[in-house]
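Architecture and fold: a report
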Amino acid sequence: MAIPTAASNSRPRLSWGGAESKRKVVGRMGPWQLVRLLGEGALTRVYLARPLDTPEAVPAYAVKALRREWWNDASAIATLRREAHVGGSVSHPHVATVLSSQLAQPPFFLVSPRLPGETLAEKLAAGRRPSLPQALWIARQAAEALAALHTATGMIHGDVKPANLMVSPAGHATLIDLGACQTPREARAWPDRPVVGTLHYIAPEMVTSTYGGDRRSDLYSLGVTLYEMLAGARPFDAEDPAELITLHREAKPRCLRDARPDAPKPVASLVHRLLAKDPMRRPATPEEVAEALVRLEIASFAVR
């Protein structure tokens, strides 16, 4: 059985924040008491939890468990193992942390601190678009997360998008869903491998047969995310996956300043550099993007 991939535009999405399920769950998994279901996708369920030996403690952890129907699927288990490895290897305030895991035998699960807030996707879907400084701040935090991820593991995230950015009530952003992380060698071109990443945000080179992805592929996805925060719509949209791929590879996005007239020219220039079709025309590293965003963020307070 194959894991759903973005090639069918069906990568499962979890609800992490304000849209928590009302379904109540009481049970245990390993040394953890499961208090409530927070969200679920095609592969996993996420529970609010506390240690079994502190039953009166406020639940402050998230247990991400592989659904029973995937316990015999090697690819599904490998995805969870990848997330546990990356989350345990990167120590950074903007990258989701994995504290512990059970991956040698079922039930397969990993444990993280429960993150407050909601995903950026949930905020945008509710019509709560960030202000210009807030959007630049969220993007800058994401760029810092990508830099830390690459420094610690040599990997790219592979699925940067609003649904994978948790935003706290105070505005702190955390990059989540690390199971799609891959080395540049693993990010070889489609169709030789399943496409990782959601097609609305995926870089053109990730869906061609001539080039594999690298750090600049994540930066393209970050550019789509920043464009969406500022313009209120993605630069490319289509129901048909093939058409969407063609738009990413060939179409010119609408000028950001046409969609967001108050966006300063330097902001629009950075966004369109991030959206360049040719990876060589994008900023080279997440560090470069983070530094640019700091300057733009400071300058943007005057137009808030």
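Residues numbered from 1 in each chain as written. Predicted model: local features only at pLDDT ≥ 70, side-chain atom pairs only at ≥ 80, totals over all residues. Heavy atoms only, no water.

Bringing a nonpolar patch on the surface into the picture now. Taken together, the side chains of Val 294, Ile 298 and Phe 301 present a nonpolar region at the surface, about 270 Å² in accessible area. Structurally, the position occupied by Val 294 is in helix α8 (residues 286-300). The class of Val 294 is partly exposed, set by a relative accessible area of 34%. (Patch = residues over 30% accessible without salt bridge, like charges linked within 9 Å, V, L, I, M, F, W, Y side chains within 5 Å. Areas by Shrake-Rupley, 256 points an atom, 1.4 Å probe, with all protein chains shown as cover. Salt bridge = Lys/Arg side-chain N within 4 Å of Asp/Glu carboxyl O. Helix = DSSP H or I, 4+ residues; strand = E, 2+ residues; numbered from the N terminus. Buried < 20%, exposed > 50% of the residue type's maximum accessible area, 1.4 Å probe, protein only.)

This part covers the side chain of Thr 225. Here Thr 225 is to be found in helix α4 (residues 215-231). Setting aside residues up to four positions removed in sequence, Thr 225 forms contacts with Leu 120, Val 160, Lys 161, Pro 162, Leu 165 and Tyr 201. (Contact = heavy atoms within 4.5 Å.)

All right, on to the pairing of strand β2 (residues 32-40) then. As paired strands, β2 and strand β3 (residues 44-51) are joined by 7 bridges and run antiparallel to one another. Each bridged residue has a counterpart across the sheet, and for Gly 39 the counterpart in β3 is Val 46. The hairpin turn running from β2 into β3, its antiparallel successor, is 3 residues long. (Pairing = 2+ DSSP bridges.)

With the rule as written, the count across this model stands at 2 cavities of 30 Å³ or more. Estimates place the volume of the second largest cavity at around 40 Å³. Taken together, Leu 146, Leu 149, His 150, Met 155, Ile 156, His 157, Arg 215, Asp 218 and Pro 286 make up the lining of the second largest cavity. If one sorts the elements of the lining of the second largest cavity by residue count, helix α3 (residues 132-153) sits on top with 3 residues. When grouped by side-chain class, the residues that make up the lining of the second largest cavity number 5 nonpolar, 2 polar and 2 charged. (1 Å grid on protein atoms, 1.4 Å probe; cavity = no way out; pocket = protein on both sides within 12 Å on 5 of 7 lines; lining within 4 Å. Points joined across faces, edges and corners; volume = space filled by probe spheres on them. Nonpolar A, V, L, I, M, F, W, Y, C, P; charged D, E, K, R; others polar.)

The subject of this paragraph is the pattern of salt bridges. Taken as a whole and assessed by the stated rule, the structure comprises 14 salt bridges. Two residues, Arg 234 and Asp 237, come together in a salt bridge whose shortest N-O distance is 3.3 Å. A residue is classified by how much of its surface remains accessible, and Asp 237, at 47% relative accessible area, is partly exposed. The shortest N-O distance in the salt bridge between Asp 262 and Arg 260 comes to 2.5 Å.

What the rule picks out here adds up to 2 aromatic pairs. Judged by centre distance (6.5 Å) and plane angle (80 degrees), the rings of Trp 71 and Phe 108 are edge-to-face. Of the two residues, Trp 71 is situated in the loop between β4 (61-66) and α1 (74-89) and Phe 108 in the loop between β5 (100-102) and β6 (109-113); the sequence distance between them amounts to 37 residues. Note on Phe 108: relative accessible area 5%, which makes it buried. (Phe/Tyr/Trp six-rings, centres within 6.5 Å; stacked < 30°, edge-to-face > 60°.)

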